[in-house]
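Descriptive structure summary
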Amino acid sequence: MTTLSAAVGRTLAACGIRHAFGVVGGGNILATAALTASGVRYTAARHEGGAMAMADAYYRATGEVAVCTTTHGPGLANTATPLAEAVKNRSGVVLLCGDAPLAGPRPHDIDQSAFAASLGVPVVRLSDPATARREIAGAVRTARARQCPVAVFIPGDLAGAAVPADEPETAAAESAAESAAETGTALDAAADPFAPAYPAAAGPAGAAPPQDLARAVAALAGARRPLLLAGLGAWRSGAGKILLELGDRLGALYATTVMASGLFHDSPWSLGVCGGFADPAAAALAGEADVIVAFGARLDTFTLHGGRILDPAATVVQVDLTAGPTAGRVDVHVRGDAAVVAAQLLDALAAPASPPPVWRTGATARALPAGWAARPYEDASAGGRIDPRTLTSALAPLLPARRTVVLDGGHFIGWPAMYWRIPDPAGLVFTGAAFQSIGLGLAGAVGAAVGRSDRTVVAAVGDGGALMGLSELDTLIRSGRPALVVVYDDAAYGFEEHMYAPQGADPATMTFADTDFAGVARALGAAAATVRTVDDLDAVRSWRDRGSPGTLLLDCKVVPGVVAPYLADLIAPRTAG
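This section reports on the structure supplied with the text.

How each quantity is defined
- Residues numbered from 1 in each chain as written.
- Predicted model: local features only at pLDDT ≥ 70, side-chain atom pairs only at ≥ 80, totals over all residues.
- Heavy atoms only, no water.
- Helix = DSSP H or I, 4+ residues; strand = E, 2+ residues; numbered from the N terminus.
- Buried < 20%, exposed > 50% of the residue type's maximum accessible area, 1.4 Å probe, protein only.
- Polar contact = N/O pair within 3.5 Å; in protein donor to acceptor, adjacent residues only side chain to side chain.
- Contact = heavy atoms within 4.5 Å.
- Disulfide = S-S within 2.5 Å.
- Core = buried A, V, L, I, M, F, W, Y, C linked by side-chain atoms within 4.5 Å.
- Axes fitted to C-alpha atoms, helices over the stretch in contact; angles between N-to-C directions.
- Parallel < 35°, antiparallel > 145°, perpendicular 65-115°, else oblique.
- Left-handed = near helix turned anticlockwise from the far one by under 90°.
- Pairing = 2+ DSSP bridges.
- 1 Å grid on protein atoms, 1.4 Å probe; cavity = no way out; pocket = protein on both sides within 12 Å on 5 of 7 lines; lining within 4 Å.
- Points joined across faces, edges and corners; volume = space filled by probe spheres on them.
- Nonpolar A, V, L, I, M, F, W, Y, C, P; charged D, E, K, R; others polar.
- Salt bridge = Lys/Arg side-chain N within 4 Å of Asp/Glu carboxyl O.

Here the focus is the side chain of Thr 32. Among the secondary structure elements, Thr 32 is positioned in helix H2 (residues 29-37). In this structure Thr 32 comes out as buried when scored by relative accessible area, which is 5%. A distance of 2.8 Å separates the side chain of Thr 32 from the backbone oxygen of Asn 28, its partner in a polar contact. Ignoring any residue separated from it by four or fewer positions in sequence, one finds Thr 32 in contact with Val 24, Tyr 42 and Thr 69.

It is worth spelling out the state of the cysteines at this point. For the structure on display, the rule yields 0 disulfides. Cys 15 takes part in no disulfide bond, and the closest cysteine sulfur to it belongs to Cys 148, at a distance of 15 Å. Given a relative accessible area of 11%, Cys 15 falls into the buried group. Of all cysteine sulfurs, the one in Cys 97 lies closest to Cys 68, which takes part in no disulfide; the gap is 6.7 Å. Judged by its relative accessible area of 0%, Cys 68 is buried.

Our focus in this paragraph is the nonpolar core. If you look at the biggest cluster of nonpolar residues, it comprises 51 residues, and the most contacted ones within it are Phe 21, Leu 95, Val 457, Val 485 and Leu 553. Looking at this core, the element that brings in the most residues is helix H3 (residues 48-62), giving 8 residues. In this structure Leu 553 touches Leu 473, Val 485, Val 487, Phe 517, Ala 518, Ala 521, Ala 527, Ala 528 and Ala 529, once residues within four positions along its chain are discounted. Residues Leu 395, Met 418, Leu 428 and Phe 430 belong to the second largest nonpolar core, which totals 42 residues.

Here we come to the packing of H3 against helix H17 (residues 441-451). One way to put it is that H3 packs onto H17 with a least axis distance of 7 Å and a crossing angle of 45°. Compared by their axis directions, H3 and H17 come out oblique. Taken as a pair, H3 and H17 cross one another with a handedness that is right-handed. Each of Gly 50, Ala 53, Met 54, Ala 57, Tyr 58, Ala 61 and Thr 62 in H3 lies in contact with H17, whose residues at this interface are Ala 443, Gly 444, Val 446, Gly 447, Ala 448, Val 450 and Gly 451.

Ordered by their spatial adjacency, 6 strands build an open sheet running E2-E1-E3-E4-E6-E5, and the pairing between neighbours is parallel. Two strands lie at the open edges of the sheet, namely strand E2 (41-44) and strand E5 (123-125), each paired on one side alone. Ignoring strand direction, the axes of neighbouring strands in this sheet form an average angle of 20°. Judged from the 3 bridges that link them, E5 and strand E6 (residues 149-155) form a sheet pairing that is parallel. Pairing of Val 123 across the sheet is with Ala 151, part of E6.

One number sums up the size of the second largest pocket: a volume of about 770 Å³. Lining the second largest pocket are 33 residues; nearest its centre among them are Gly 272, Val 273, Met 418, Trp 420 and Arg 421. When residues of the lining of the second largest pocket are traced back to their parent elements, those giving at least two are strand E9 (270-273), strand E13 (403-407) and helix H16 (414-419). Of the residues contributing to the lining of the second largest pocket, the split by class is 23 nonpolar, 8 polar and 2 charged.

Looking now at the packing of helix H9 (residues 210-221) against helix H13 (residues 338-348). Running from N to C, H9 and H13 cross one another at 55°; their axes reach a closest spacing of 10 Å. The pairing of H9 with H13 is recorded here as oblique in orientation. For the pair H9 and H13, the crossing hand works out as right-handed. In this structure, H9 contributes Leu 213, Ala 216, Val 217 and Leu 220 to the contact, and H13 contributes Gln 344, Leu 345 and Ala 348. In terms of residue class, the contact of H9 with H13 is made up of 6 nonpolar, 1 polar and no charged.

Considering the arrangement of structural elements, one finds Ala 137 in helix H7 (residues 132-146). Residue Ala 137 is classed as buried on the basis of its relative accessible area, which comes to 2%. In sequence terms Ala 137 and Cys 15 are 122 residues apart; their C-alpha atoms lie 6.5 Å from each other.

On to the pattern of salt bridges, then. Counted according to the given criterion, the structure contains 20 salt bridges. Across the salt bridge formed by Arg 106 and Asp 109, the nearest N and O atoms sit 2.8 Å from each other. Looking at Arg 106, the relative accessible area reads 25%, which means it is partly exposed. When its relative accessible area of 13% is taken as the criterion, Asp 109 is described as buried. Here Asp 514 makes a salt bridge to Arg 385, at a shortest N to O gap of 3.0 Å. Of this pair, Asp 514 sits in the loop between helix H20 (494-500) and helix H21 (517-524) while Arg 385 sits in the loop between helix H14 (359-366) and helix H15 (388-395), placing them 129 residues apart in sequence. Owing to a relative accessible area of 41%, Asp 514 belongs among the partly exposed residues under this scheme. What emerges from the salt-bridge pattern is a single network uniting Arg 46, Asp 474 and Arg 478.

Right, let's talk about the sheet that holds strand E18 (residues 551-557) for a bit. Across the sheet, which stays open at both edges, the 6 strands sit in the order E14-E13-E15-E16-E18-E17 with parallel pairing between neighbours. On the outer flanks of this sheet lie strand E14 (428-430) and strand E17 (527-531), each paired with one strand and no other. Neighbour to neighbour, the strand axes of the sheet diverge by 15° on average, direction disregarded. Taken together, the 5 bridges between E17 and E18 define a ladder with parallel strand orientation. Residue Ala 528 lies in a different strand from E18, and its bridge partner there is Leu 553.

These figures come from the coordinates and say nothing about function on their own.
The structure is reproduced here in structure tokens:
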């Protein structure tokens, strides 16, 4: 006899799931056993929130759907913050949990479907063993095609129920694959119950409607200083190459959002990141653009740096799968897939009516930005603490060439973003950015490390986020994967201190005594070093000379008074008045 729990695990494996992260309990332990017995690799997290962040990071680093599995009730509730982050980042994850019995809730149960719905997560609550395999395969299909988390709940009184043997797991998986092949990336809204949350493109196979395309062509036809801005959606659609061709046709410069860092790094016409982390010279050039076409970018306030980046007179065209503009700054919205629409624009602009723009010539004459590393600053290292700029720039040449950079949230994020090169968008896992949270970085490092064993994880975290997610440092160490953890320890919630202390906030609520992160890391089995000067970075050289075995944690005691430029810009208008 095949039980429902066993069928769930086997079907997920048959659908191509290769890795699961979780914390087991009564509601999911038998389904997890079926997963591992079916060949799915499993990483045991220390906290359910960590497991969810791992699955999210795995998807971001690999593009493959992973499973996060928890027990019912508190197990699910513990995933709230990273689950919201995964929703907002559009990460494909199947969240497999136990649930209240169909017969009625127990005293300790909660309304899990309402919980998931409040975060924007579609739910499959298994209620009939005869249809469970197809429902699970559909959940995986939705997670892949819609790029979203999907929750699968196993009611407590069905976990051990017999599943009919007339539809094996492989048949359900093949059915799901055939359905996906027939409908393409954008599933048929009538057949997919989750379509309203993630609308498909209006045109066939992601093409732009003719009227939208015509408006974009008209805007570009008269452009003298065009800028092509690529976001994560452009990367996920595979638009990099076609955007470079389109830029050459237009004589455009290129930029990316933070999440798409590295997409154009080989182009001599790239300005790098657009937004708060942008080099001032790059930001100045971006501010001269008369037409900006954003592909797969939501144009949030950080990308636009609070409206400071773009010329108010510039025309902004947004190409995205959303039904309408996601920012008030958009003049022309084109609904469609980034790669498909870029190809449409390339065809439509094959014979320009006017001479090609000469913006590239002017940019070359002024010299394209050399980046933050070329900008001088006065080293503020003092009192046994290192300037974070000095630390980060000195670390840059010591980092493994093949790397995945994992960032937690916090004030410190400005330094790695300014000084560390990102190889490609899959080489950056920026946890917490979409939901404005901290504490997910160490868990994210685990997901990235096991997902991309061909790259070494370099995780940058603040002291606040490190302590909030400290349990998953143990998981990272247990994984045995090479990982460099850089803790920017200013003994404070630095963002809040710099932003709100000038407004009268009590410093005692934001500052702490120093934490011995190196000592904690050694106690958990990692190598560690306390960094107060550049000479202390010899520990990285030694670790690399030994083949980068396991986890090395750097407890970096940074000067608290050095404010990252992106935050200084945010503070300036608040304190000026």
